[in-house]
Amino acid sequence: VYYTTTPGPIPRRQSSRDMPVKNALIALLATLLVTACASSPQMTREERVEWYRANAGEPVRSFFYAGHLRGWTALDDRSIALWTRSNEAFLIEFFPRCPDLAFASTITISHQIGRVNAGFDSVTVRRASGGIGGVRCRIETIRPINTRVVSESKRNLEQAELVERDSSGPDEPK
């Protein structure tokens, strides 16, 4: 009787003591992959603002919100990306610039009957240090963002709150 074998070592069955080593190796490779992705080059602030502008549509007069806002992220001292739903976002631009926007812990957005209007409504910037009031910034333009292209992870979004706008007319920026 003749037996044929393939060249190389005889395959052996994995023992239970080999499993922790295999699991540790998989965990190490996953950690290295995540670290490599996290350390990829970041866009500069100017590049990021231009990227949002390039992926935003034509200006609209207003937008309707469905009861709450998902979050926001400051782009520079003249603009924010405001997420109303997971698939709906707007590029909000201010005139003049909005001081302290980069240091804001929360914002408040005025509206009237659930509609935020360019030229009438404003964003009030509130710092983490607290204090009374906040800096009010007039919304100059509202542009819908192509959310298929632009996506922000939830951890990068800040909290926002809506407040009813006084119906007497446009607020004066401070």
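Our subject in this report is the structure included herewith.

Reading the values: rules and limits
Residues numbered from 1 in each chain as written. Predicted model: local features only at pLDDT ≥ 70, side-chain atom pairs only at ≥ 80, totals over all residues. Heavy atoms only, no water. Pairing = 2+ DSSP bridges. Helix = DSSP H or I, 4+ residues; strand = E, 2+ residues; numbered from the N terminus. Salt bridge = Lys/Arg side-chain N within 4 Å of Asp/Glu carboxyl O. Buried < 20%, exposed > 50% of the residue type's maximum accessible area, 1.4 Å probe, protein only. Phe/Tyr/Trp six-rings, centres within 6.5 Å; stacked < 30°, edge-to-face > 60°.

1. Remarks on the pairing of strand E8 (residues 135–144)
For step 1, the next point in the chain: Where strand E4 (residues 88–94) and E8 come together, 5 bridges link them in antiparallel fashion. Paired with Glu93 across the bridge in E8 is Thr141.

2. Points about the pattern of salt bridges
For step 1, the next point in the chain: By the definition in use, this model includes 5 salt bridges.
For step 2, the next point in the chain: Note that Asp77 and Arg97 form a salt bridge whose closest N and O atoms lie 3.4 Å from each other. With Asp77 in the loop between strand E2 (71–76) and strand E3 (79–85) and Arg97 in the loop between E4 and strand E5 (104–111), this pair connects stretches of sequence that are 20 residues apart.
For step 3, the next point in the chain: By relative accessible area, Asp77 is classed as partly exposed at 31%.
For step 4, the next point in the chain: Across the pair Glu88 and Arg85 runs a salt bridge whose closest N-O atoms are separated by 3.5 Å.
For step 5, the next point in the chain: On the basis of relative accessibility, which here comes to 39%, the residue Arg85 falls in the partly exposed class.
For step 6, the next point in the chain: Salt bridges here are not isolated pairs; linked through shared partners, they connect Glu50, Arg53 and Glu93.

3. Describing unusual backbone geometry
For step 1, the next point in the chain: Cis peptide bonds are those with omega within 30 degrees of zero, and the linkage from Phe95 to Pro96 qualifies with -10 degrees.
For step 2, the next point in the chain: Within the fold, Pro96 resides in the loop between E4 and E5.
For step 3, the next point in the chain: Phi angles above zero are rare outside glycine, and Asp100 is one such case at about 70 degrees.
For step 4, the next point in the chain: Among the structural elements, Asp100 can be located in the loop between E4 and E5.

4. What about the packing of aromatic side chains?
For step 1, the next point in the chain: What the rule picks out here adds up to 2 aromatic pairs.
For step 2, the next point in the chain: For the pair Trp51 and Tyr52, a centre-to-centre distance of 5.6 Å together with 85 degrees between the ring planes defines the contact as edge-to-face.
For step 3, the next point in the chain: Taking relative accessible area as the criterion, Trp51 reaches 31% and is therefore assigned partly exposed.
For step 4, the next point in the chain: Taking relative accessible area as the criterion, Tyr52 reaches 1% and is therefore assigned buried.
For step 5, the next point in the chain: Where Phe63 meets Phe90, the ring centres are 4.4 Å apart and the plane angle is 15 degrees; that geometry is what we call stacked. Here the residue Phe63 occupies a position in strand E1 (residues 62–64), and Phe90 occupies one in strand E4, the gap between them amounting to 27 residues.

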